[in-house]
Amino acid sequence: MGERKRQRDDIVHPHSSENIELSEVQNVGKGNDIISSLPEHVLHHILSFLSTKDAIRSSVLSTKWKYLWTSIANIDLKETYHLAGEKEDGSFLDFVERVLLLHDASDIKSLTLSSYQLVDSSRVNSWISASIRHNIEELDLSLLWKTQPVLPCCLFTCQSLVALKLSMCWVLEVPCSTQFSNLKSLKLSNVTFSDDNSTQHLFSSCPMLQELALLNCGWENLMTITICIPSLKSLTLDNNYEFLWPEDVLSCVTKIYAANLIHLDCFCCLIVDFRLYDLSLLVEASICLYEDLPEQDVTPRVLRLLTGISNIKKLTVTSQTLEYLTPVANLLDRLPVFYNMTHLVLHSELFGDSFGVMIDLLENSPQLESLNFEEGFNPSVEDDWMWGRVPSCFASSLKTVRIVDFDKNPVEMHFIRFLLKNATVLERLTLRSYSQDMKQQQQQKVSSQLNKLPRGSKSCVIELTTT
């Protein structure tokens, strides 16, 4: 009887955990393909975590994997500059063609193509048309066309398209039939606009647009740009300062009507005159202005731009932008009052007469809570601007100040003394140093010196860190 019981105990139930573990070990030992036995939708999910090229390479794993990649929803094919220089035989372009040709009937959610090889317009148009037949939602093309491209009309009327990124060093021809019914994001890089009417037609044909970015675009053919998009929430206008503007751009006026705009990023030459209307919902703006024609009076344009964004809560601005306001007499009376602004970021090293402009800006920011100097102070600046000019926010709302690239130069130390003495509700002063000379022992010494300075706020904490 005891012997029979021992035999029964030695028998493992087929569904017990021990048996399952044993089976798995045996399967691994025999080289069985466990992953391929998974449901197809799980395998597709696995492929979604791979790059497009790796997903295609998976076709050699087994018969079941051979055609799985042909239904991938996100195709991302980017040719590196190094490879493009070594191989100009068109093999990458042929590869793109094969990937799109072999794709099954399922939808393509996103298609990203980037190449440094010159490509024929007809070839690109066939890729665009193929993606549209697969109900493309996000299309990103960064290509070098051999000749002036005429993009297919089906692109400009695509109902499934939600996001479009287009980089091309050519004139953008906009068909009269253009209607991006569901487009929410549009990014154009290095594109030259052909004329006022077609450009305005492009923007007005995007009734659902929420994000618009115009990067290093050519506006030389335009006298006026009108961006009237009620649904727009984010607008980026970025033109590299090395871009040489033609003389006829001086009269270019950019009118922006965007009642729901929340974020504005403007990095532009001041020969473009901005007119902003009804931006009452604007929350955040980043402004970097420059000009290459010093004989032009640009201060009215700077004032007009700042007035148009005066409802913002957070402003990031460069010292050069502030510098353009130094010639203005009675600047404090002409600057707009930023009643809602709680955060101010000085994005470049504060220098020259921009100190005085900054104090006026602080005075007209009665609710300011946070002040950041992202690149510190220029040590060569005189500090006469400091005396007797205490912004009202120092005593009412300013709680945190951050100075990056702190190196204890006289101007920085004078400002810190001025700040600590007059900022009566200040809670924290953060100083970040990149100086190699700021050793741990010296850091402790500087911290001790800072903590001995007179303070208007007894609860203020001074934090000094080195990087």
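Residues numbered from 1 in each chain as written. Predicted model: local features only at pLDDT ≥ 70, side-chain atom pairs only at ≥ 80, totals over all residues. Heavy atoms only, no water.

Chemist: Just to check I follow, could you spell out the overall build of the protein chain for this structure?
Modeler: In terms of helices and strands, the protein chain carries 16 helices and 20 strands. Relative to its full complement of 467 residues, the protein chain shows a buried share of 46%. A separation threshold of at least 6 residues defines the contact pool for the protein chain, and within that pool the share at least 24 residues apart is 68%. Carbon together with sulfur atoms contributes 52% to the accessible area of the protein chain, which is approximately 23700 Å² in total. (Helix = DSSP H or I, 4+ residues; strand = E, 2+ residues; numbered from the N terminus. Buried < 20%, exposed > 50% of the residue type's maximum accessible area, 1.4 Å probe, protein only. Contact = heavy atoms within 4.5 Å. Areas by Shrake-Rupley, 256 points an atom, 1.4 Å probe, with all protein chains shown as cover.)

Chemist: What's the story with helix α15 (residues 410-422) in this structure? I'm lost.
Modeler: One full turn of an α-helix is made of 3.6 residues, so residues set three or four places apart face in the same direction. The terminal C-alpha atoms of α15 lie 18 Å apart, and with 13 residues this matches the ideal 18 Å at 1.5 Å per residue to within 8%. Residues Val411, Glu412, Met413, His414, Phe415, Ile416, Phe418, Leu419, Leu420 and Asn422 constitute the buried set of α15. You can read the cap of α15 off the contacts: a side-chain oxygen lies 3.0 Å from the backbone nitrogen of valine 411, and it is on asparagine 409. (Expected span 1.5 Å × (residues − 1). Polar contact = N/O pair within 3.5 Å; in protein donor to acceptor, adjacent residues only side chain to side chain.)

Chemist: Mind showing me how you'd approach the pairing of strand β17 (residues 370-373) here?
Modeler: Of the two faces of β17, the one holding Ser370 and Asn372 and the one holding Leu371 and Phe373 are both buried throughout. With four bridges joining them, strand β16 (residues 343-346) and β17 adopt parallel strand pairing. In the sheet register, leucine 346 faces β17, and the bridge partner there is phenylalanine 373. Pairing of β17 with strand β18 (residues 400-404) involves four bridges; the strand directions are parallel. Among the inter-strand pairings, leucine 371 is bridged to a residue of β18, identified as valine 401. (Pairing = 2+ DSSP bridges.)

Chemist: How should the pattern of salt bridges be read in this particular structure?
Modeler: Working definition: two side chains of opposite charge can pair if their charged atoms are close together. Under the criterion given, the structure shown has ten salt bridges. For aspartate 120, the salt bridge is made with lysine 146, and the minimal N-O distance between the two is 3.5 Å. On the criterion of sequence distance, the pair formed by aspartate 120 in the loop between β2 (110-119) and α7 (121-133) and lysine 146 in the loop between β3 (138-145) and α8 (153-156) is long-range, its members being 26 residues apart. Its relative accessible area of 46% is what places lysine 146 among the partly exposed residues. (Salt bridge = Lys/Arg side-chain N within 4 Å of Asp/Glu carboxyl O.)

Chemist: Looking at this structure, how should I read empty space enclosed by the protein?
Modeler: Any empty space left between atoms is shown by rolling a water-sized probe over those atoms. With the rule as written, the count across this model stands at one cavity of 30 Å³ or more. Volume-wise, the largest cavity comes out at about 50 Å³. Lining of the largest cavity is provided by Leu151, Leu155, Phe156, Leu164, Leu166, Leu172, Phe180, Leu186, Leu188 and Leu202. Of all the secondary structure elements, the ones that give two or more residues to the lining of the largest cavity are α8, β4 (163-167) and β6 (185-189). Of the residues assigned to the lining of the largest cavity, the class counts are ten nonpolar, no polar and no charged. (1 Å grid on protein atoms, 1.4 Å probe; cavity = no way out; pocket = protein on both sides within 12 Å on 5 of 7 lines; lining within 4 Å. Points joined across faces, edges and corners; volume = space filled by probe spheres on them. Nonpolar A, V, L, I, M, F, W, Y, C, P; charged D, E, K, R; others polar.)

Chemist: Any chance you could explain the sheet that holds strand β9 (residues 224-228) here in plain terms?
Modeler: Read across the open sheet, the three strands follow the order β9-β11-β13; overall the sheet is parallel. Unpaired on one side and paired on the other, β9 and β13 (273-277) mark the two borders of the sheet. Across the sheet, the axes of successive neighbouring strands diverge by a mean angle of 15°, strand direction being ignored. (Axes fitted to C-alpha atoms, helices over the stretch in contact; angles between N-to-C directions.)

Chemist: Any chance you could explain the packing of helix α6 (residues 91-102) against α7 here in plain terms?
Modeler: For any two helices packed against each other, the geometry is given by the interaxial angle and the distance between the axes. One can describe the packing of α6 onto α7 by two numbers: an axis separation of 10 Å at closest approach and a directional angle of 25°. As judged from the angle between their axes, α6 and α7 are roughly parallel. Where α6 crosses over α7, the two elements pack in a sense that is left-handed. Mapping the contact onto sequence places Leu93, Asp94, Val96, Glu97 and Leu100 in α6 and Arg123, Ser126 and Trp127 in α7. A per-class count over the contact of α6 with α7 returns four nonpolar, one polar and three charged. (Parallel < 35°, antiparallel > 145°, perpendicular 65-115°, else oblique. Left-handed = near helix turned anticlockwise from the far one by under 90°.)

Chemist: Where do I start with the side chain of serine 189 in this structure?
Modeler: Along the chain, serine 189 falls in strand β6. Of the residues examined, serine 189 reaches a relative accessible area of 13% and is grouped as buried. Other than its neighbours up to four places away in sequence, serine 189 contacts Leu166, Ser167, Met168 and Leu215.

Chemist: Is there a simple way to explain the packing of aromatic side chains in this structure?
Modeler: Within this structure, the stated rule accounts for eight aromatic pairs. Taking the centre distance of 5.9 Å and the plane angle of 50° together, the rings of phenylalanine 156 and phenylalanine 180 count as tilted. One end of the pair, phenylalanine 156, is in helix α8; the other, phenylalanine 180, is in the loop between β5 (171-172) and β6, and 24 residues separate them in sequence. Plain terms: the ring middles of phenylalanine 373 and phenylalanine 415 are 5.3 Å apart, the flat faces sit at 75° to each other, and that makes the pair edge-to-face. Within this pair, whereas phenylalanine 373 is found in strand β17, its partner phenylalanine 415 is found in helix α15, the two being separated by 42 residues in sequence. (Phe/Tyr/Trp six-rings, centres within 6.5 Å; stacked < 30°, edge-to-face > 60°.)

Chemist: What is the right way to look at the pairing of β2 in this model?
Modeler: Regular strands have side chains that alternate between both faces of the sheet. Buried residues dominate β2, accounting for eight of its ten residues. As paired strands, strand β1 (residues 74-78) and β2 are joined by five bridges and run parallel to one another. Each residue of the ladder has a partner; that of asparagine 74, found in β2, is serine 110. Where β2 lies against β3, seven bridges are found, and the strand directions are parallel. Along β3, the bridge assignment pairs threonine 112 with aspartate 140. Traced from β2 through α7 to β3, the parallel crossover comes out right-handed. (Right-handed = clockwise from strand over helix to strand, strands pointing away.)

Chemist: Would you mind going over unusual backbone geometry with me for this structure?
Modeler: A positive phi angle, close to 60°, is found at asparagine 135, a residue other than glycine. For asparagine 135, the position within the fold is in the loop between α7 and β3. In this structure, aspartate 405 is a non-glycine residue whose phi angle is positive, near 65°. The residue aspartate 405 is located in the loop between β18 and α15 in this model.

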